[in-house]
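Take a look at the letters that make up each chain.
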Amino acid sequence: MNMEKEEIWRLVLVLFLGQLVSFFLAAASFASSLIAELGTDTPLTQSFFTYLSLSLVYGAVFLYRRQKLLVAWYWYFVLAFVDVQGNYLVIKAFQYSSITSITLLDCWNIPWVIILTWLVLGTKYNPWQFLGAAVCVLGLGLVLLSDSGVSGGGGTKPIIGDILVIAGTFCYAFSNVSEEYCVKKKDRVELLTMLGVFGVLVTACEISIIERKDLESVKWSATMISLFLGFAASTFLFYTVVPFVLKMSGATLFNLSLLTSDMWAVVIRIFFYHQQVDWMYYLAFVLAAIGLIIYSVHDNKKTDGTTNEDEPDSLQYERLAEESSAAYNGVLAA
């Protein structure tokens, strides 16, 4: 079937936004890696500035609109809390593992999303999608195998770093599923505002409890300040573009776009760190790419041959909408 010009331009726009997301993620990972190399271990403080920028920029827009919340505040608190933990775990992993391992293992987000949407949202998957996820996990398993060997991916304790990343991706999966629902059913500005506000509160509390001494020991310099600002700017832009990708295409193309950040990580490692990349990384990347492609090709296809777009409300959101209607009753805006 020939695609109309409008559909072609829409696809081009989605792919372009996906690559922007991938680039911003790679830039943030690069900044985190350099901060860790300088001996600074303050993942919560790095995230604090990200959430602060989101709350200031989108909070101003939200206040200007003078609109009431479409979703109860406590749901946003849970979302922000989980998102903060995901950022903390992944950024913390840079203290133990290499940028290549971390960015490759970020793909664990895909199987977590499948599990969460299957159990929570009641999404139905076909055998091809499970095959794609299995191939993806197989490829990512090679990263763990490589890091456990002598020629591992770098870092002081790569296995610990890998475990932290995998745990962090579970938090990201929960966050992605929630964000996709919010941007498709509710309001993007409200989502980013409340995520920023509650993210600031959560990170501030956790900094005062577990990161205060590490923050006091930071040797601030022009380089360190530039890295913190670079990380905050990259993640702010990342959070800004993500809702557009999720709304226009969903989580599949979003995660496929993030796959290209792994290639940036390999390039950074080779040209900036002057390190050799184990051959298992290339094999892992190929297997992960094949798995993601298999999954994406069959993403919108149901067992009867129709697609999610054929229905006004996708099966991906039916159960959540039903369960949420009662919980939101009395707290949604008029």
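Look up: the structure comes first, before these words.
This is a predicted model, so every value here is computed, not measured.

Let's shift gears to the overall build of the chain. A tally of regular secondary structure across the chain gives twelve helices and zero strands. Each helix and strand of the chain, placed in order from N terminus to C terminus, yields the pattern α-α-α-α-α-α-α-α-α-α-α-α. Considering the chain as a whole, with its 334 residues, one finds that 52% of them fall into the buried category. Considering only contacts within the chain whose residues lie at least 6 apart along the sequence, 87% involve residues at least 24 apart. Summed over all atoms, the accessible surface of the chain reaches about 16500 Å², with 68% contributed by carbon and sulfur.

Moving on: the packing of aromatic side chains. Counted according to the given criterion, the structure contains twelve aromatic pairs. Ring centres 6.2 Å apart and planes at 50 degrees place the aromatic pair Y51 and Y239 in the tilted group. One end of the pair, Y51, is in helix α2 (residues 43-65); the other, Y239, is in helix α9 (residues 222-248), with 188 residues separating them in the sequence. Exposure remark for Y51: the relative accessible area of 0% places this residue in the buried category. A relative accessible area of 8% means that Y239 is categorised as buried. Considering the side-chain rings of Y58 and F236, the 6.0 Å spacing of their centres and the 35 degrees angle between planes classify their relative orientation as tilted. Placement of Y58 in helix α2 and of F236 in helix α9 is noted, with a sequence separation of 178 residues between them. Put simply, the rings of W73, Y74, W75, F77, F81 and F198 pair up and form one aromatic cluster.

The rules we used
- Residues numbered from 1 in each chain as written.
- Predicted model: local features only at pLDDT ≥ 70, side-chain atom pairs only at ≥ 80, totals over all residues.
- Heavy atoms only, no water.
- Helix = DSSP H or I, 4+ residues; strand = E, 2+ residues; numbered from the N terminus.
- Buried < 20%, exposed > 50% of the residue type's maximum accessible area, 1.4 Å probe, protein only.
- Contact = heavy atoms within 4.5 Å.
- Areas by Shrake-Rupley, 256 points an atom, 1.4 Å probe, with all protein chains shown as cover.
- Phe/Tyr/Trp six-rings, centres within 6.5 Å; stacked < 30°, edge-to-face > 60°.

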